[in-house]
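Secondary and tertiary structure notes
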Amino acid sequence: MSIISKEDVKHVAKLAELDFSDGEVEKITPQLDKILGHVANISKVDTTSISPTSHTLEIKNVFREDTVRQSLSKEDALLNAPEEIDGGFKVPKID
Amino acid sequence: MTENLNFFPAHKLNKMLKSKEVSSADIAGSLNSVIQKVQGKLNAYIRLEKEKMLEQAKQVDSYISRGGEVKDFTGIPIAIKDNICTKGITTTCASKILENFTPIYDATVVKKLKAQHFVLTGKANMDEFAMGSSNENSYFGSVKNPWDTTRVPGGSSGGPAVSVASGTAICSLGSDTGGSIRQPASLCGIVGLKPTYGLVSRYGLVAFASSLDQIGPLTRDVEDSATLLNAICGWDENDSTSINQAHPDYTRFLTDDMKNMKIGVPRELMVKEMDSEIKDSVDQALKLARDRGAEIEETSLPSLGYALSVYYIIAPAEASSNLSRFDGVRYGYRNRTAETLRKMYKKSRAEGFGPEVKRRIMIGTYCLSAGYYDAYYEKAQRVRTLIIEDFRKAFEKYDVLISPTSPTTAFKIGEKIEDPLTMYLSDICTIPVNLAGLPAISIPSGLSKDNLPMGLQIIGNILREDNIFRAAYSLEKAIGFDKYPMHL
């Protein structure tokens, strides 16, 4: 009884902005199914009145003073740009 | 005289540098000749500094002769895992998607080592984006175990572990999210430490799972581990998850005194898949601890049985978010044929990421998606709370917990790569530690019949590296492991 179908995989791929060929979907679906099938065992654990932990340290809202500082130069920011134009990152048209 | 300098620990070389018995150039030269011999066989490095390393060493010697202070890592050649940013030097995360990426800043840990005038040997190979337990997931080819080159070195910090084990770095920095420092240290016969979460700044560490990642030292011995931890730890204003507290000089705890230490052995970590020789080596280490005045007791942390599942939901979920920045826009690989933006994202990512990375992004995205978030991600976070609570209760009774680091010695290349779940089980003893943000060390506990290293894991409470170093230093002396793979 599988947890994840090929259709599910295609849907998740869309959410993850990943392209998969039909052959790749064939290959990855049983792998993901096996992993998800295993990790689903946590459903057996009684977690009533247990709150979720997102972080192990007791710290929150770590801010600095809202003062202006030296920031990144444009040259540095564009150093690894695949394509640039007029001091910005050039990309294909939006679909 | 210069022979075998490459197998000396940093603390010994430091004394020799201070007394002018050796120069930094001598050390670098000794490493360089070994690097030439073994890099082709072991592939521990994605990028070698080569002449630049020798140049740097000469510059440090000149600095020392002008009266420069010789700090703990002055003139010491160190390898840095390739997911830690080094300004002006490519940092690839062993991925095609960052093949030519050049950071515009140094990670905080690199800045700290530069302030001590360390020498960079190169950027160490790893599993892509730190996802793996065998270093078979690198775009730049697998790393081999120097003890047996048909076997894996462990992962994801395979390169850092092998660089130290093979004498091509005096020590190295790796990262650990589910065991990625400790497990390769165990499989390669060296010392690997994952510090308390937040003790070492993550600024400049390319994020995999932000609530689990930590940078840590891989070294020849426990003394170097404590010394390197001293050098890299501390609050950093650039890492909002770093701990803002003064830390001790960790070398103070190298006392070789285990009297009255209370040691717990969680039965959930003495896993049934464990090699019998590994079980024997753990039992032997516990006996040595008992001989030295420690009290040993078996204990149970029941929720640890679910740690693997919790990790393989939370880590991929966090990764799916962290890796969404790799879209071909501002840096990294970009597909050039896509005519529209979103096609460019999809194709760049599909072509740039390796299969394990894609698998984990898919798992993570699924677990966070509408309809599945509660049953997977949020549920996993609740079970994480139980795991943290089990550890908290255990540390009310015990100073440290002991287990094997890895249930097996180094497995053969190709043995587990086809079945992701089998691969994930390699980390069954190390994963719970990251979920609770605890510190843990792996020290060599012996060699198997097949001449493969085995490792012992010592876990401490939050910010209790003192207990870890105390136990580790004492056991290291008692076990007396002093072997290197010299047959390369």
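Here the structure is a predicted model, which is why all the values come from computation and not from measurement.

A short note on the overall build of chain B
- Looking only at helices and strands, one finds 15 helices and 11 strands in chain B.
- Rg of the C-alpha trace for chain B: 21 Å, near the compact-globule value of 23 Å for 488 residues, within the 12% margin.
- Once the C-alpha set of chain B is aligned to its principal axes, its extents read approximately 65 × 55 × 45 Å.
- Counting every position in chain B, which comprises 488 residues, the buried fraction comes to 64%.
- In chain B, of all internal contacts separated by at least 6 residues, the share reaching a separation of at least 24 is 76%.

Notes on unusual backbone geometry
All names here are of chain B.
- Backbone torsion omega between G155 and S156 reads 10 degrees, so that peptide bond is classified as cis.
- Within the secondary structure, S156 sits in the loop between β3 (119–124) and α5 (158–165).
- Look at K20: it is not a glycine, yet its phi comes out positive at around 65 degrees.
- Tracing the backbone shows K20 in the loop between α1 (10–18) and α2 (24–42).

Focus on the interface of chain B and chain A
- Contact with chain B, which involves 57 residues of that partner, is made by 42 residues of chain A.
- Broken down by secondary-structure element, the contributors of at least two residues to the side of chain B that touches chain A are α9 (307–322), α10 (341–352), α11 (355–368), α12 (374–397) and α13 (420–424) of chain B.
- Tallying contributions element by element places α12(B) first for the side of chain B that touches chain A, with 11 residues.
- For the side of chain B that touches chain A, the per-class residue count stands at 27 nonpolar, 14 polar and 16 charged.

Remarks on the pairing of strand β4 (residues 171–176) of chain B
Residues and elements named next belong to chain B.
- Burial analysis of β4 places 6 of its 6 residues in the buried class, the great majority of the element.
- On β4, burial covers both faces: C171, L173 and S175 on one face and S172, G174 and D176 on the other are all buried.
- Sheet analysis places β4 next to strand β6 (residues 214–219), joined by 5 bridges and oriented antiparallel. Within the sheet, the bridge partner assigned to D176 lies in β6 and is Q214.

With respect to α1(B)
Residue and element names in this part refer to chain B.
- Within the span of α1, buried status applies to A10, H11, L13, N14 and L17. The arc that holds the buried residues of α1, viewed along the axis, is 160 degrees, so those residues lie on one side.
- At its buried positions, α1 is contacted by α2, β4 and α7 (222–232).
- At the C-terminal side of α1, K20 shows a positive phi close to 65 degrees.

Side note on the confidence of the model for chain B
- In the predicted model, chain B carries a mean pLDDT of 97, and 99% of its residues have values of at least 70.
- Overall fold confidence (pTM) sits at 0.98, and the ipTM for the predicted complex is 0.96.

Considering the sheet that holds strand β2 (residues 77–81) of chain B
Residue and element names in this part refer to chain B.
- Pairing in this open sheet of 11 strands is mixed, and the strands run β1-β3-β2-β4-β6-β5-β10-β11-β9-β7-β8 from one edge to the other. Every interior strand has two partners, whereas the edge strands, β1 (45–48) and β8 (295–299), have only one. Taken pair by pair, the neighbouring strands of this sheet meet at an average axis angle of 25 degrees, ignoring direction.
- Packed onto the sheet, helix α3 (residues 51–65) meets β2 and β3 and runs at close to 155 degrees relative to β3.
- Against the sheet, α7 contacts β4, β5 (191–194), β6 and β10 (440–447), and its axis sits at roughly 145 degrees relative to β6.

Observations regarding the packing of α9(B) against α12(B)
Residue and element names in this part refer to chain B.
- Packing of α9 against α12 leaves a shortest axis separation of 9 Å and a crossing angle of 130 degrees. With respect to α12, the element α9 is oriented oblique. Note that α9 runs across α12; the crossing there is left-handed. Residues A307, V310, I313, I314 and A317 of α9 form the contact with α12, whose participating residues are Y376, Y377, A380, Q381, V383, R384 and I387.

Regarding helix α15 (residues 465–479) of chain B
Residue and element names in this part refer to chain B.
- Over its 15 residues, α15 extends 20 Å from the first C-alpha to the last, a length consistent with the 21 Å expected when each residue adds 1.5 Å.
- Judged by how many residues are buried, α15 sits mostly within the fold: 11 of 15 residues are covered.
- All of the buried residues in α15 are E465, N467, I468, F469, R470, A471, A472, Y473, S474, L475 and E476.
- Backbone geometry just after α15 places G480 at a positive phi near 65 degrees.

So, the environment of B:R359
- Relative to the assigned elements, B:R359 resides in helix α11.
- Taking the C-beta count within 10 Å as the criterion, B:R359 has 18 such neighbours and is therefore assigned partly exposed.
- The spacing of B:R359 and B:S320 is 39 residues in sequence and 10.0 Å in space, taken between C-alpha atoms.
- Among residues more than four places away in sequence, those in contact with B:R359 are A:I28, A:Q31, A:L32 and B:P420.

Procedures and definitions
- Residues numbered from 1 in each chain as written.
- Chains lettered and ligands numbered in written order.
- Predicted model: local features only at pLDDT ≥ 70, side-chain atom pairs only at ≥ 80, totals over all residues.
- Helix = DSSP H or I, 4+ residues; strand = E, 2+ residues; numbered from the N terminus.
- Rg over C-alpha atoms; globule rule 2.2 N^0.38 Å.
- Buried ≥ 20, exposed ≤ 12 C-beta atoms within 10 Å, placed from the backbone.
- Contact = placed C-beta atoms within 7 Å.
- Nonpolar A, V, L, I, M, F, W, Y, C, P; charged D, E, K, R; others polar.
- Pairing = 2+ DSSP bridges.
- Arc of directions from axis to C-beta.
- pLDDT = per-residue confidence, 0-100.
- Axes fitted to C-alpha atoms, helices over the stretch in contact; angles between N-to-C directions.
- Parallel < 35°, antiparallel > 145°, perpendicular 65-115°, else oblique.
- Left-handed = near helix turned anticlockwise from the far one by under 90°.
- Expected span 1.5 Å × (residues − 1).

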